[in-house]
Amino acid sequence: MGLLRRAYSKYQRDGILSLLYASIGFGYEKTVRPHLSCRRYPVIQDVEVRSKEQCIRALDKYIYISSIPTDHKKPNCEFIREYVDQGENVIVIGGGYGITSVVAATEVGETGDVLIYEGAKRLIDDLFSTLSVNGVASQTTVKHAIVGDAVELKGSEGSAERVSPHKLPSCDILEMDCEGAETSIIPNMPPNINTVIVETHPKKGAPTSAIKKALENREFKIVDSEPDRTSGDVLVADSTLD
């Protein structure tokens, strides 16, 4: 019934031709596309994304397929490149396809390390593959775990460990894009964190105003920000504690 409701809603909003085109794309993606060989993988923010579902297949250019936009994670990656230094310790909450993790691992180099938490089971293998093909596996550690509240995962959690925010290790940089869980993590994160890079999610209960307030309550000062591609902002905050 959910699929029928979405189809009817699209028909009312966009018309019959749009619904027909979307239906063809849906049928292709669910029935034909999984059996086609992968031609190449997308490169986003100079990171080759080794995702099985995002790999580009033979007929994709003829039929609309949802894929990662080229500006995906742009402000996040720009801030990581600006604020992360060689040899630092970085924690990434919300590893996703591994884009920000690769950028962070490249910045810290072989003398630093990046600890990555990802709660969705289906993304773990792709995450490992992306880290490996981009040459940063040696300075990264992946944990299949949910930090704070599981507001919205990109798939089933499977056997994901549950990690309380106050049990996170200390780090130089904490980078977060965790689909609304930021509001449960920031108030309870450990004190020994120098800089937070965080994406806000107004539609998931984590608007920019609430995230700024939570950071200020933890003695962080906003030092940089950029609007996100879809909604919300990406904020950079430095600790004001000595």
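Refer to the preceding data block for the structure.
Residues numbered from 1 in each chain as written. Predicted model: local features only at pLDDT ≥ 70, side-chain atom pairs only at ≥ 80, totals over all residues. Heavy atoms only, no water.

A. Seen up close, the side chain of Glu179. Within the secondary structure layout, Glu179 lies in the loop between strand E9 (171–176) and helix H6 (182–185). The exposure class of Glu179 is buried, given its relative accessible area of 11%. Of note is the side chain of Glu179, whose polar atom sits 2.2 Å from the side chain of Lys204. (Helix = DSSP H or I, 4+ residues; strand = E, 2+ residues; numbered from the N terminus. Buried < 20%, exposed > 50% of the residue type's maximum accessible area, 1.4 Å probe, protein only. Polar contact = N/O pair within 3.5 Å; in protein donor to acceptor, adjacent residues only side chain to side chain.)

B. Main features of the environment of Gly232. Residue placement: Gly232 occurs in the loop between strand E11 (220–227) and strand E12 (233–239). By relative accessible area, which is 19% here, Gly232 ends up buried. Along the backbone, Gly232 and Glu199 are 33 residues apart, and their C-alpha atoms lie at a distance of 7.2 Å. Excluding anything up to four places from it in sequence, Gly232 contacts Thr200, Pro202, Thr208 and Pro227. (Contact = heavy atoms within 4.5 Å.)

C. Molecular detail of the sheet that holds strand E5 (residues 89–93). Pairing is mixed across the open sheet formed by 8 strands, whose spatial order is E8-E7-E6-E5-E9-E10-E12-E11. The open sheet has two edge strands, strand E8 (161–163) and E11, and neither has a second partner. With direction set aside, neighbouring strand axes in the sheet form an average angle of 25°. As paired elements, E5 and strand E6 (residues 113–118) share 5 bridges and run parallel to each other. Paired with Ile93 across the two strands is Tyr117, which belongs to E6. In this fold helix H3 (residues 74–83) packs onto E9, strand E10 (193–199), E11 and E12, with an angle of close to 135° to the strand it touches most, E11. On top of the sheet, helix H7 (residues 208–217) reaches E10, E11 and E12; it is set at about 10° to E12, its chief contact. (Pairing = 2+ DSSP bridges. Axes fitted to C-alpha atoms, helices over the stretch in contact; angles between N-to-C directions.)

D. Local environment of helix H4 (residues 99–108). Counting buried positions along H4 yields 8 of 10 residues, so the element is predominantly enclosed. Looking at H4, one finds that the buried residues are Ile99, Thr100, Ser101, Val102, Val103, Ala104, Ala105 and Val108. Trailing H4 by a residue or two, Gly109 shows a phi angle of about 70°, which is positive.

Everything listed is a geometric property; what it means functionally is a separate question.
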